[in-house]
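One-letter residues, chain by chain:
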Amino acid sequence: MTVTTRFAPSPTGMLHIGGARTALFNLLFARRHGGKFLLRIEDTDRARSTPEATQAILDGLDWLGLTPDASPVMQSERAERHAECARAMLESGKAFRCYATPEELQARRDEGEAKRQTAKEDGLSDDERAALRAEADALLAPYRSPWRDGGEAPAPDAPYTVRLRAPGDGEMVLEDAVQGTVTIQAREIDDLILLRADGTPTYMLAVVVDDHDMGVTHVIRGDDHLRNAFRQIPIYQAMGWDVPEFAHVPLIHGPDGKKLSKRHGAQSTLEYREMGYLPEAVTSYLMKLGWSHGDQDIFTMDEAAKVFDTSGIGKAPARLDFDKLADVNRHYMRQADPARLMTLVRPWLEEGGALSDSLRAAVQQSLPSVVERASTLPELAEAVAFITTPRPLPLNKNARKALKGEGLDRLSGLRDLISSVTEFDTPHLHDAIQAYCTAQDLGMGKVGPPLRAALTGGLPAPDLAPVMEWLGREETLARIDDQLAAPRDDI
Ligand code: GLU
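Residues numbered from 1 in each chain as written. Predicted model: local features only at pLDDT ≥ 70, side-chain atom pairs only at ≥ 80, totals over all residues. Heavy atoms only, no water.

Asker: Looking at this structure, how should I read the overall build of the protein chain?
Answerer: The number of helices and strands found in the protein chain is 20 helices and twelve strands. Computed over the C-alpha atoms, the radius of gyration of the protein chain is 33 Å, more than 25% above the 23 Å expected from 2.2 N^0.38 for a compact globule of 491 residues. On the principal axes, the C-alpha backbone points of the protein chain span a range of 110 × 60 × 45 Å. Per-residue burial for the protein chain yields a buried fraction of 49% across its 491 residues. Distance from the positive charge centre (57 side chains) to the negative charge centre (75 side chains) of the protein chain: 2 Å. (Helix = DSSP H or I, 4+ residues; strand = E, 2+ residues; numbered from the N terminus. Rg over C-alpha atoms; globule rule 2.2 N^0.38 Å. Buried < 20%, exposed > 50% of the residue type's maximum accessible area, 1.4 Å probe, protein only. Lys, Arg positive; Asp, Glu negative; His and termini not counted. Charge placed at Lys NZ, Arg CZ, Asp CG, Glu CD.)

Shown next as structure tokens:
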């Protein structure tokens, strides 16, 4: 048996961050067991499914590197196969034709609701009230069709739905890999519709047929589908198919412990890209959201794929923690190769316009030092603003102060020494500044501020010698000259 998992999103919106985690768990489980991870787009609800949403899901998975091992199965393309299975169940006697019309079913529900209301009214005896409640409960209970045991069609061409005969009385038990033993009363399950009166298959049927045909051995999904498992298992049994293992994972909650919703901020996976998180940081963070393994906090995909198991998934909903995500992102930004980091940060760097090649090179060189100062890509772009701000650099208040009177004279003296540095690298530039300090008998406290002001305009920046090395001779001297030449009343 090849372990086979699947992610089965409905393309009705974005790839939800909880969905991304489900996909990730399925992928890791498959990898751990040397199996396959598949993708099925559940687009049977034609009215709500859109190609754009399908694309958004594919893009989100692609961004996170959650690539399935085969091309996606489109559920809507398999309707004929679903119907064929329903017919097979009809033939084997597991399913039956139900002639109840939607109007009759609605009338039954309305009557149930009406009795439930009447039971609340004043002036009834306890017995009357109890009787009304019992009638209401029976009418509102999961539907058991009067045709489940056969019976004549009301008319020769009367429309019918195909329903699966629900299990009789007693308990239904599911051994769930996350939830443990889950028991419900068989009475809670209705005679499930498999084919609608127009011959189209229902979602519940489609899921089971597809999972079977795709060879799915393990269904790992959100626990909002736990009850569906009890409706799906009888379909497997009616078809004589093996029932897969189920693992129903608690949903993700917001930092406040409430179900994740819009007010918590980003729900869509691609929004995390827009916020400047690295994909490997998001997957690393997501896998620890609800799953644990020993004390290890940060796992790469490869590390997790060696140890992932559903036994490590907690029963309680995990809470999204943006500070933790920022920490994980910081970790992965530091690990990233500067050339890749440069590619990632570029959209933020060039928000205000394209950078020259030399400034881009300067940024890339600075990244290993500057990355310490950022948790996200926009923060990183901000941390290199001292490089990317176009000349002449605007000066903040401190920079203006540093470039008054003596400060300006020192800048001029420094310029001479800096321009004579032949190897324009950190050690030589450092020596040049030191030489100026020694010659003038001044400390760095007097010499640094005017140079820093000219080079950065007062923006946060690391040590000045590396800053000059990154900027290069031409840009360094141009920035100094801008200030030496600036009309003084501007300062
Ligand atoms: N299409 C369902 C959803 O998006 C998932 C069904 C399943 O995993 O069985 O919630």
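Asker: How should the side chain of T4 be read in this particular structure?
Answerer: In this structure, T4 sits in strand β1 (residues 4-7). For T4, a relative accessible area of 2% corresponds to the buried category. A polar atom in the side chain of T4 sits 3.0 Å from the backbone oxygen of T2. Setting aside anything within four residues of it in sequence, one finds T4 in contact with K36, L38, M214, G215, V216, T217 and H218. (Polar contact = N/O pair within 3.5 Å; in protein donor to acceptor, adjacent residues only side chain to side chain. Contact = heavy atoms within 4.5 Å.)

Asker: Got a minute to help me understand the site of the ligand in this structure?
Answerer: With respect to spatial proximity, the complete set of residues near the ligand consists of R6, A8, P9, S10, E42, Y203, R221 and H225. The separation between an oxygen atom of the ligand and a polar side-chain atom of R6 is 2.7 Å. A distance of 2.7 Å is found between a nitrogen atom of the ligand and a backbone nitrogen or oxygen belonging to A8. Across the complex, the protein chains shield 80% of the 300 Å² of accessible surface that the ligand would expose by itself. More than half of the atoms of the ligand fall within 2 Å of the grid points belonging to the largest pocket. (Near = heavy atom within 4 Å. Areas by Shrake-Rupley, 256 points an atom, 1.4 Å probe, with all protein chains shown as cover. 1 Å grid on protein atoms, 1.4 Å probe; cavity = no way out; pocket = protein on both sides within 12 Å on 5 of 7 lines; lining within 4 Å. Sits in = over half its atoms within 2 Å of the grid points.)

Asker: Where do I start with the packing of helix α6 (residues 203-213) against helix α7 (residues 226-239) in this structure?
Answerer: Two quantities define a packed helix pair, namely the angle between the helix axes and the distance between the axes. Relative orientation of the contacting elements α6 and α7 amounts to 60 degrees, with a least axis distance of 9 Å. Viewed along their axes, α6 and α7 adopt a mutual orientation that is oblique. The chirality of how α6 crosses α7 is right-handed. Counted together, M204, L205, V207, V208 and D211 of α6 and N228, R231, Q232, I235 and Y236 of α7 form the full contact between these two elements. In terms of residue class, the contact of α6 with α7 is made up of six nonpolar, two polar and two charged. (Axes fitted to C-alpha atoms, helices over the stretch in contact; angles between N-to-C directions. Parallel < 35°, antiparallel > 145°, perpendicular 65-115°, else oblique. Left-handed = near helix turned anticlockwise from the far one by under 90°. Nonpolar A, V, L, I, M, F, W, Y, C, P; charged D, E, K, R; others polar.)

Asker: Teacher, can you tell me more about the sheet that holds β1 here?
Answerer: Spatially, the three strands line up as an open sheet ordered β1-β2-β3, and their pairing is parallel. Single-partner strands in this sheet number two, and they are β1 and β3 (73-74). Examined bridge by bridge, β1 and strand β2 (residues 36-41) share four bridges and lie parallel to one another. Each residue of the ladder has a partner; that of T4, found in β2, is K36. In the packing of helix α1 (residues 17-32) onto the sheet, contacts are made with β1 and β2, and the angle to β1 comes to roughly 165 degrees. Where helix α2 (residues 51-64) meets the sheet, its contacts fall on β1, β2 and β3, and the angle it forms with β2 comes to roughly 160 degrees. (Pairing = 2+ DSSP bridges.)

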